[in-house]
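Per-entry structural report
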Amino acid sequence: MRFTRRDFLKCGAYITASAATLAQPIVHVARSMELLMGGVGVSRTTEKKRLAVYSTCLQCYARCGIIGYVEYGRLRKIGGNLEHPNSRGKLCAKGQAGINFLYDPGRILTPLRRKSDRGSGQWQKLSWEAAWKEISEKLGNLRSKGLASKFAILSERDITTSDISKRFLNAYGSPHLLGDSHLNGLNKRLALDVTLGFDVEINDVAYTQYMLNFGANPYEANILRTSFVQRIIEGRQERVFDKMVHMGAKLVTFDVRLSQTAGRSDEWHPIFPGTDAVVALAMANVIMQEDLYDKEFLKKWSNYPIKDLKNHLAPYSPEMAYRISGVSADVIRRLAREFGSIKPAIAITSGGLYKHVNGLQNERAVLLLNIITGNIDNKGGFCSPQRYELIEPEPKPKELIPDVSTLQEGSLLSQHNGHSIMQAIQEGTLDLQALIMYMANPAYSFPDNEQVKATLKDRKKLPFVVVIDSHMSETAALADLILPAATYLERWELESPPSFEMIPFISLRQPVVKPLGECMAYSSILTELAKRLGDDVGRFFPFQNTEDYVAYRIQNIPKLVDAGGIDHLRETGLWIDPAHSPHYQTYRKRGFQTPSKKIEIYSNRLKQKGISALPEYVPISDHQSLKPDELILTTFQWNTHTHYNTAGCMWLTEITHENALWINPETARSMRIKDGDRVSLRSKAGIIETKVRVTWGIHPKVVALSDSLGHSEYGGVAQAKNFQSYDPNTQLIWWKSEGNGVHPNAIIPVQLDPAAGGQGWMDTVVTIQKKT
């Protein structure tokens with residue numbers, strides 16, 4: 001692979017052509033090199049090209065396009081797929097460290113049965129046949145006794161597995177598909193659903209002129225992070241589109257912590273936790289009172305009279321917002337006028353906004369800013385997702401599982417009266433006799449996780465627990481049976497994530513290498529189990545294998561079928577209709593997907609549930625009565641880790657393996673705490689110990705501790721312990737003296753938004769005591 005004179009001339013021609021239309025052509029040197037040389041891997045020893053296998057990453061939820069470079073059946077390198085419309089060849093550290101995830105010496109490679117008490121760490125290997133027999137007998141007996149509803153599946157990775165899980169549970173006769181929606185995005189999903197009729201948005205930031213950011217940190221963590229942050233960077237540069245030169249967009253961030261995104265913003269305003277709604281509503285008030293709103297858009301597409309909206313917003317003055325949030329009234333007025341005067345503009349949100357016990361109304365308040373300025377589904381604005389619907393094979397079982405993202409009666413939220421899953425099991429409001437968990441680690445990742453561990457150990461509450469996982473997680477350690485799961489690099493799945501290009505596309509996840517040991521894909525496990533439960537369950541799984549299932553699911557996309565269907569996807573990793581143009585303002589043809597076909601600023605669906613029909617600020621009661629020595633704990637995620645499942649990746653953990661508690665210098669001084677001191681952190685749920693990092697990058701009444709670290713299981717790398725394996729690096733864990741950090745979930749209680757049911761991760765009241 002030499003860079004020839006011909007390649008050099010091609011590269012020069014590309015840059016010269018770019019100079020005619022782009023303000024900064026030199027930026028595209030790297031891009032031209034990618035186009036010439038991308039998609040090729042070469043062996044260091046044989047100098048021959050490696051086999052390139054196109055697939056889709058799942059080290060986080062961004063789901064970037066990847067190419068696995070394989071040599072003699074072993075994956076040697078992971079690179080980005082240049083043709084992927086979202087990630088466009090870019091890949092973060094987590095994606096590249098997928099090799100560590102695949103070849104982790106601590107992986108589970110055979111079925112295991114517990115030999116002693118749950119959590120004893122004593123296991124015996126067993127055959128797949130023995131495992132099938134034990135599970136099918138347990139589930140078969142429940143079903144024959146009419147107790148199918150006492151079985152559930154919990155899948156934390158429900159973004160990719162919910163369809164096959166629903167199919168299995170519907171066929172079996174249980175309505176209990178348990179996910180982690182109540183822990184993460186439920187508040188936001190419900191706000192979007194009741195207002196606009198969709199459950200996830202595309203922030204079209206590449207073409208915007210102004211970004212207001214409430215609690216989002218896409219430079220480190222976001223559902224579509226790698227793709228999202230590329231567009232933010234593009235949007236902030238001077239560039240040409242629509243035959244015009246556009247100046248770079250301004251980025252303003254409200255966050256309690258100086259995150260990577262806040263640090264790269266034009267302005268950072270450290271806001272008091274959970275008060276974003278009052279700032280957003282005060283800004284909306286200024287925009288409405290000063291006639292900066294989009295009159296035509298509001299009049300035609302909103303379900304609420306403009307005059308009444310002005311009256312509703314009138315009490316939310318910038319001065320009122322300042323008293324509550326700490327953000328200056330002058331700043332609020334200035335930003336409101338800027339946002340209302342520039343178009344396109346967009347207000348962005350994420351966990352720092354909606355992961356509060358008032359998260360639903362926080363989200364609705366910021367969404368209102370996009371609505372009143374007419375920045376909905378327009379280029380550079382807050383856009384509806386463009387994606388394909390993947391069909392299910394016939395015959396289909398009767399639908400038993402409600403959609404937890406909607407406010408319908410009989411949903412899991414109604415059944416559990418707002419309790420989290422494990423709390424519902426412990427209290428008996430969710431009575432289960434058998435539970436299968438796939439790639440879920442509630443004993444680590446759920447709030448009040450010590451109580452979760454106690455629930456999982458209780459055989460009276462949960463008589464039979466099966467975990468399907470690739471690693472010995474904290475939850476797998478408490479199971480009765482463990483089935484070895486294929487990783488995302490060893491299995492088949494389809495994706496159609498929201499498209500930043502506003503053109504829907506299909507992305508394939510396929511085996512880059514054969515599954516290690518006796519590992520099986522989750523979909524294959526459910527298919528085999530269904531057939532062993534008898535024809536009345538098995539007949540709903542007519543496909544021969546998972547590849548067969550994947551091939552069927554695209555049959556409703558004729559152009560993809562004509563292009564070669566599954567064979568085309570195997571060769572390229574994705575498909576996008578070349579004749580399809582970007583879709584904006586789709587509501588003009590069919591309206592919004594709400595009962596009124598309009599934007600429902602006033603929500604009758606919420607009103608019927610006893611929730612305020614209009615966006616409002618809801619004070620957090622625990623925060624209103626803070627004592628002088630009490631602070632609010634918030635959490636965050638490093639850009640090198642994804643919640644619980646990447647700590648076993650050596651390349652990532654040697655970068656980030658400890659997590660000090662962020663504390664403001666003024667707060668630390670008042671407590672006589674210095675940088676590096678060890679402290680105990682106490683809440684009503686428990687107590688943990690950690691060291692502190694004194695920094696001006698955090699609000700004085702807030703402390704912050706990251707997640708992802710502090711594992712008690714998940715292998716030696718995650719626990720910062722040397723161990724023997726085929727990989728000599730596992731005896732060279734150089735950070736063992738520094739430790740593996742601490743996990744905050746042990747002291748974060750279950751605290752849910754009563755309006756929507758989402759967990760308040762950012763609301764825990766704590767006290768700090770210096771260790772002597």
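Residues numbered from 1 in each chain as written. Predicted model: local features only at pLDDT ≥ 70, side-chain atom pairs only at ≥ 80, totals over all residues. Heavy atoms only, no water.

1. As for the overall build of the protein chain
If you tally the helices and strands in the protein chain, you get 31 helices and 27 strands. Against the 2.2 N^0.38 benchmark of 28 Å for 772 residues, the protein chain shows a C-alpha radius of gyration of 26 Å, consistent with a compact globule. Reported as C-alpha extents along the three principal axes, the dimensions of the protein chain are approximately 70 × 70 × 55 Å. Counting all 772 residues of the protein chain, 59% fall into the buried class. Considering only residue pairs separated by 6 or more positions, the protein chain has 73% of its internal contacts joining residues 24 or more positions apart. Accessible area for the protein chain stands at about 30,600 Å²; split by element, carbon and sulfur atoms hold 50% of it. Looking at the protein chain, you have 92 positive and 81 negative side-chain charges, and the mean spots of the two groups are 2 Å apart. (Helix = DSSP H or I, 4+ residues; strand = E, 2+ residues; numbered from the N terminus. Rg over C-alpha atoms; globule rule 2.2 N^0.38 Å. Buried < 20%, exposed > 50% of the residue type's maximum accessible area, 1.4 Å probe, protein only. Contact = heavy atoms within 4.5 Å. Areas by Shrake-Rupley, 256 points an atom, 1.4 Å probe, with all protein chains shown as cover. Lys, Arg positive; Asp, Glu negative; His and termini not counted. Charge placed at Lys NZ, Arg CZ, Asp CG, Glu CD.)

2. Focus: the confidence of the model for the protein chain
With 92% of its residues at a pLDDT of at least 70, the protein chain reaches an overall mean of 92. Counted against residues more than four places away or in other chains, residues 20–27, with its pLDDT under 50, gives eight contacts. Low confidence marks residues 404–418, where pLDDT is under 50. Its contacts with residues over four positions away, or in another chain, come to 38 contacts. (pLDDT = per-residue confidence, 0-100.)

3. Some details on the packing of helix α10 (residues 276–289) against helix α12 (residues 306–313)
Viewed as axis vectors pointing N to C, α10 and α12 meet at an angle of 135°, and their least axial separation amounts to 9 Å. Considering their axes alone, α10 and α12 lie oblique with respect to each other. Both α10 and α12 take part in a crossing whose hand is left-handed. From α10, Leu 281, Ala 284, Asn 285, Met 288 and Gln 289 reach across to α12, where they touch Ile 306, Leu 309, Lys 310 and Leu 313. (Axes fitted to C-alpha atoms, helices over the stretch in contact; angles between N-to-C directions. Parallel < 35°, antiparallel > 145°, perpendicular 65-115°, else oblique. Left-handed = near helix turned anticlockwise from the far one by under 90°.)

4. Topic: the nonpolar core
Formed by 78 residues in total, the largest nonpolar core has its most connected members in Leu 212, Phe 214 and Leu 369. Setting aside chain neighbours within four positions, we find Leu 212 in contact with Val 252, Phe 254, Met 283, Phe 339, Ile 346, Ala 347, Ile 348 and Leu 369. Listed in part, the 65 residues of the second largest apolar core include Ala 97, Leu 102, Phe 151 and Ala 171. (Core = buried A, V, L, I, M, F, W, Y, C linked by side-chain atoms within 4.5 Å.)

5. Quick notes on the packing of aromatic side chains
Under the criterion given, the structure shown has 22 aromatic pairs. For the ring pair Phe 151 and Phe 168, a centre distance of 6.3 Å and an interplane angle of 75° mean the geometry is edge-to-face. You can see Phe 151 sitting in strand β6 (residues 151–155) and its partner Phe 168 sitting in helix α6 (residues 158–172), a full 17 residues away along the chain. Given the relative accessible area of 0%, Phe 151 is considered buried. (Phe/Tyr/Trp six-rings, centres within 6.5 Å; stacked < 30°, edge-to-face > 60°.)

6. Here's the deal with the sheet that holds strand β16 (residues 434–438)
Reading across from one edge, β5-β4-β18-β17-β16-β6-β7 is the order of the seven strands in this open sheet, with mixed pairing throughout. What marks the edges here is a single partner per strand, and that holds for β5 (123–125) and β7 (177–178). The pairing of strand β17 (residues 464–469) with strand β18 (residues 481–484) spans four bridges and is parallel. If you follow Asp 469 over to β18, its bridge partner there is Pro 484. (Pairing = 2+ DSSP bridges.)

7. Points about the side chain of Arg 364
Locating Arg 364 in the fold gives a position in helix α16 (residues 359–372). This buried residue, Arg 364, is left without a salt bridge; Glu 616 holds the nearest opposite charge, at 7.2 Å. Polar side-chain contacts of Arg 364 include one of 2.6 Å to the backbone oxygen of Ala 613. Setting aside its immediate chain neighbours within four residues, Arg 364 contacts Ala 191, Thr 195, Ile 601, Ser 603, Leu 606, Ser 612, Ala 613, Leu 614 and Pro 615. (Salt bridge = Lys/Arg side-chain N within 4 Å of Asp/Glu carboxyl O. Polar contact = N/O pair within 3.5 Å; in protein donor to acceptor, adjacent residues only side chain to side chain.)

8. Side note on the side chain of Arg 225
By the element assignment, Arg 225 lies in helix α8 (residues 225–235). Buried charged residue Arg 225 carries no salt bridge. Nearest counter-charge: Glu 220, at 8.1 Å. Not counting chain neighbours up to four residues away, the residues in contact with Arg 225 comprise Ala 62, Cys 92, Lys 94, Pro 218, Tyr 219, Glu 220 and Asn 639.

9. So, the sheet that holds strand β1 (residues 51–56)
A sheet is described by the order of its strands in space; here three strands give the open sequence β1-β2-β3, paired in antiparallel fashion. Each edge of the open sheet carries a strand with a single partner, namely β1 and β3 (74–80). Neighbouring strand axes in the sheet, compared pairwise and without regard to direction, differ in orientation by 30° on average. Here strand β2 (residues 65–71) pairs with β3 via six bridges, running antiparallel. The residue bridging Gly 68 from the neighbouring strand is Ile 78, located in β3.

10. A look at the environment of Met 439
With respect to the helices and strands, the residue Met 439 is situated in the loop between β16 and α19 (442–445). In the structure, Met 439 is positioned 36 residues away from Thr 475 in sequence and 9.4 Å away in space, judged by C-alpha atoms.

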